[in-house]
Amino acid sequence: MNEKKSVQNSGPDNMYRLIFTLVMIGIISGFVLSFVFQWTAPHIEQHRLAAQREAVFSVLPGTVEYEEEIGERVVFFRGFDEHDNQTGVAVLISGSGFQGDIEIMVGTDPLAEKIRGIKILDHTETPGLGARITEQQFLNHFEDMPFGTYQLVQQDPGEMEVEGISGATISARNVVQIVERAVGKIQDYTGGGR
Amino acid sequence: MYQLIKDFKQGLWEEHPLFVMILGMCPTLAVTNTAINGLAMGLATSFVLISSEIVISLVKKLIPNDVRIPSFILIIATFVTFTDYFLKAFLPDIAASLSLFVPLIVVNCLILGRQESFASQNPVHRSIADALGMGIGFTWGLVVLSIIRELLGMGSIFGAEILGTGYRQMIFMILPGGAFITLGILVGIINLINLKRSGN
């Protein structure tokens, strides 16, 4: 029955009605969403900044204050402790992951040429698999790692080696590559131990 | 009133969206690796389901039959985007762990399926009852599935260690393969229960 009715109605008048309906729904939903966006955007930005701030403190232990400097497609953070001694240099860098970009904060001690710690700020890896790059167990492998290139291994990581994540080899490998790139950026920035 | 209770109860067991109708497999198989993810996904989906069933049931007479599916999708997408922003703004931890599966709620066929088969043909109060039943049904399904997988895969439930550190984790259970096997066994058990009930 329904089928027949719609065939009879498919004149130009009906065509306009169809277009009108879809346009109206589109306008209303766009309007509603622009309000939702205005309402939530400041909160989202606030969370992002808080996460960034917390990340600097966590990758450069002992830091109480930091200076920010915008570099070429990366942001550098110079951390200082309560006696105004430099605790290290961190860099906020992003690179491609398994599906989207991974954003990582890498904290280093440029004088000792060592990584102090890393933290994942943003990613779109598969929940439960690639998303496990954010777990401390994986991130701990990078602590106190000397500058250089790193190997991904399945178990028992030795010097310059990182233990991968089962089911998420690509995500883990990409993190390693981004960290290597971050180390290069830090070396360029500090001019080899400033 | 009796009709409303009947509409509500349908989604809880008889026409359970996961175990009987096998709808919405994408989120089911993908995010049920930890109980908290399963619960959050269930609640987010239920919210979208309830709000879009209300709206569609209200405007169903204004939508021409020929463009009903695109109209439903537009309305669903609006609520999904709302949920995505809302979670990012107020529950950033959950938003981070579900990440891209929140926008993917829009293609959950459970939601479109209920609009087409229920909300577009029934009055608002019945649609709300149906959406609540289906939403709760979907949520308990995801939670049961994810509790089994998290327990066997990581030895914990809702992040709390249950089986102790000595337990050798069955990593397979939190990988996609584990999802298929757990779901298959659960569907089998539920069919068996239904068979026995109807046999009596």
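Residues numbered from 1 in each chain as written. Chains lettered and ligands numbered in written order. Predicted model: local features only at pLDDT ≥ 70, side-chain atom pairs only at ≥ 80, totals over all residues. Heavy atoms only, no water.

J.: I'd like a rundown of the overall build of chain A, residues and numbers included.
T.: For chain A, the count of helices and strands is four helices and seven strands. Its C-alpha atoms give chain A a radius of gyration of 24 Å, more than 25% over the compact-globule value 16 Å for 194 residues. C-alpha atoms of chain A, sized along the principal axes, occupy 80 × 40 × 25 Å. For chain A, with 194 residues in total, the buried portion stands at 39%. Long-range contacts, defined as pairs at least 24 residues apart, comprise 47% of the intrachain contacts of chain A with a sequence gap of at least 6. Between the mean site of the 15 positive side-chain charges and the mean site of the 27 negative ones, chain A shows a separation of 10 Å. (Helix = DSSP H or I, 4+ residues; strand = E, 2+ residues; numbered from the N terminus. Rg over C-alpha atoms; globule rule 2.2 N^0.38 Å. Buried < 20%, exposed > 50% of the residue type's maximum accessible area, 1.4 Å probe, protein only. Contact = heavy atoms within 4.5 Å. Lys, Arg positive; Asp, Glu negative; His and termini not counted. Charge placed at Lys NZ, Arg CZ, Asp CG, Glu CD.)

J.: Break down the sheet that holds strand 1 (residues 65-70) of chain A for me, with residues and values.
T.: Strands belonging to one sheet form pairs held by backbone hydrogen bonds; the direction of such a pair is parallel or antiparallel. Residues and elements named next belong to chain A. Taken together, the five strands give an open sheet; going across it, the order is 1-2-3-4-5, and neighbouring strands pair in antiparallel fashion. Among the strands making up the open sheet, the edge pair consists of strand 1 and strand 5 (114-122). Averaged over neighbouring strand pairs, the angle between their axes works out to 20° when direction is ignored. Pairing geometry for strand 3 (residues 86-96) and strand 4 (residues 101-109), over eight bridges, is antiparallel. Residue Ser94 lies in a different strand from strand 4, and its bridge partner there is Glu103. Seen against the sheet, helix 2 (residues 12-59) touches strand 1, strand 2 (75-80), strand 3, strand 4 and strand 5 and runs at an angle of roughly 160° to strand 5. Packed on one face of the sheet, helix 4 (residues 169-190) meets strand 1, strand 2, strand 3, strand 4 and strand 5 and runs near 130° to strand 3. (Pairing = 2+ DSSP bridges. Axes fitted to C-alpha atoms, helices over the stretch in contact; angles between N-to-C directions.)

J.: Before we move on, can you summarise the interface of chain B and chain A with the specific residues and values?
T.: How large an interface is tends to be reported as the accessible area lost when its parts come together. Listed as interface residues are 32 residues of chain B and, on the opposing side, 28 residues of chain A. Buried surface at the junction of chain B and chain A, summed over both partners, amounts to about 2500 Å²; 74% is from carbon and sulfur atoms. Our count for the contact surface shared by chain B and chain A stands at zero salt bridges. There are two residue pairs in polar contact (both at pLDDT 80 or more) connecting chain B and chain A. At the level of secondary structure, the elements contributing two or more residues to the side of chain B that touches chain A comprise helix 4 (68-90) and helix 5 (92-98) of chain B. With twelve residues, the single largest contributor to the side of chain B that touches chain A is helix 4 of chain B. Looking at the side of chain B that touches chain A residue by residue, the classes come out as 21 nonpolar, eight polar and three charged. (Buried area = accessible area lost by both parts, 1.4 Å probe. Salt bridge = Lys/Arg side-chain N within 4 Å of Asp/Glu carboxyl O. Polar contact = N/O pair within 3.5 Å; in protein donor to acceptor, adjacent residues only side chain to side chain. Nonpolar A, V, L, I, M, F, W, Y, C, P; charged D, E, K, R; others polar.)

J.: Residues and numbers for the nonpolar core, please.
T.: Counting residues in hydrophobic clusters, the biggest one holds 40 residues, and the most contacted among them are Phe19(B), Met41(B), Val48(B), Ile105(B) and Leu183(B). When contributions to this core are tallied by element, the ones reaching two or more residues are helix 2 of chain A together with helix 2 (25-31), helix 3 (35-59), helix 4, helix 5, helix 6 (109-119), helix 7 (124-154) and helix 8 (176-199) of chain B. Formed by 30 residues, the second largest nonpolar core is a distinct cluster that contains Val162(A), Ala172(A), Val175(A) and Ile186(A). (Core = buried A, V, L, I, M, F, W, Y, C linked by side-chain atoms within 4.5 Å.)

J.: Hey, could you go over the environment of Ile148(B) for me, with residue numbers and the actual values?
T.: Residue and element names in this part refer to chain B. With respect to the secondary-structure elements, Ile148 resides in helix 7. Put simply, Ile148 and Ile174 are 26 residues apart on the chain and 9.8 Å apart in space, counted from C-alpha to C-alpha. What Ile148 contacts, discounting residues up to four positions off in sequence, is Thr182 and Leu186.

J.: Lay out the packing of aromatic side chains with the relevant residues and their values.
T.: The tally for this structure, following the rule as stated, stands at 13 aromatic pairs over all chains. Relative to Trp140(B), the ring of Phe19(B) lies with its centre 5.6 Å away and its plane at 55°, an arrangement referred to as tilted. Note that Phe19(B) is positioned in the loop between helix 1 (2-12) and helix 2 and Trp140(B) in helix 7, a separation of 121 residues in sequence. The class of Phe19(B) is buried, set by a relative accessible area of 2%. Between Phe82(B) and Phe86(B), the aromatic rings sit 6.1 Å apart at their centres with planes inclined by 20°, giving stacked as the arrangement. One end of the pair is Phe82(B) and the other is Phe86(B), both in helix 4 and four residues apart, which spans about a single turn. Since its relative accessible area comes to 23%, Phe82(B) is described here as partly exposed. Residue classification places Phe86(B) among the partly exposed residues on the basis of a relative accessible area of 31%. Connected via pairs of aromatic rings, a cluster forms that spans Trp39(A), Phe47(B), Phe82(B), Phe86(B) and Phe90(B). (Phe/Tyr/Trp six-rings, centres within 6.5 Å; stacked < 30°, edge-to-face > 60°.)

J.: Pulling in residues and values, what's your account of helix 4 of chain A?
T.: Residue and element names in this part refer to chain A. For helix 4, built from 22 residues, the straight-helix expectation of 32 Å at 1.5 Å per residue is met to within 8% by its first-to-last C-alpha distance of 32 Å. Regarding helix 4, the residues found buried are Ser171, Ala172, Asn174, Val175, Val176, Ile178, Val179, Ala182, Val183, Ile186, Tyr189 and Thr190. Directly beyond the C-terminal end of helix 4, a positive phi value near 60° is found at Gly191. (Expected span 1.5 Å × (residues − 1).)

J.: Report on the pairing of strand 5 of chain A, specifying residues and quantitative values.
T.: Residues and elements named next belong to chain A. Examined bridge by bridge, strand 4 and strand 5 share seven bridges and lie antiparallel to one another. Bridge pairing links Thr108 to Ile115 in strand 5. With antiparallel pairing between neighbouring strands as the criterion, strand 4 and strand 5 make up a hairpin whose turn holds four residues, including Glu113 at a positive phi of roughly 55°.

J.: Which residues make up unusual backbone geometry, and what are the values?
T.: Even without being glycine, Met160(A) reaches a positive phi, approximately 60°. With a phi angle near 50°, Ile22(B) is a residue other than glycine that sits in the positive phi range. Note that Ile22(B) resides in the loop between helix 1 and helix 2.

J.: Could you give me a rundown of the confidence of the model for chain B, with the residues and numbers involved?
T.: Confidence along chain B averages 89 in pLDDT terms, with 99% of residues attaining 70 or more. Per-element mean pLDDT across chain B ranges from 81 in helix 5 of chain B up to 94 in helix 4 of chain B. (pLDDT = per-residue confidence, 0-100.)

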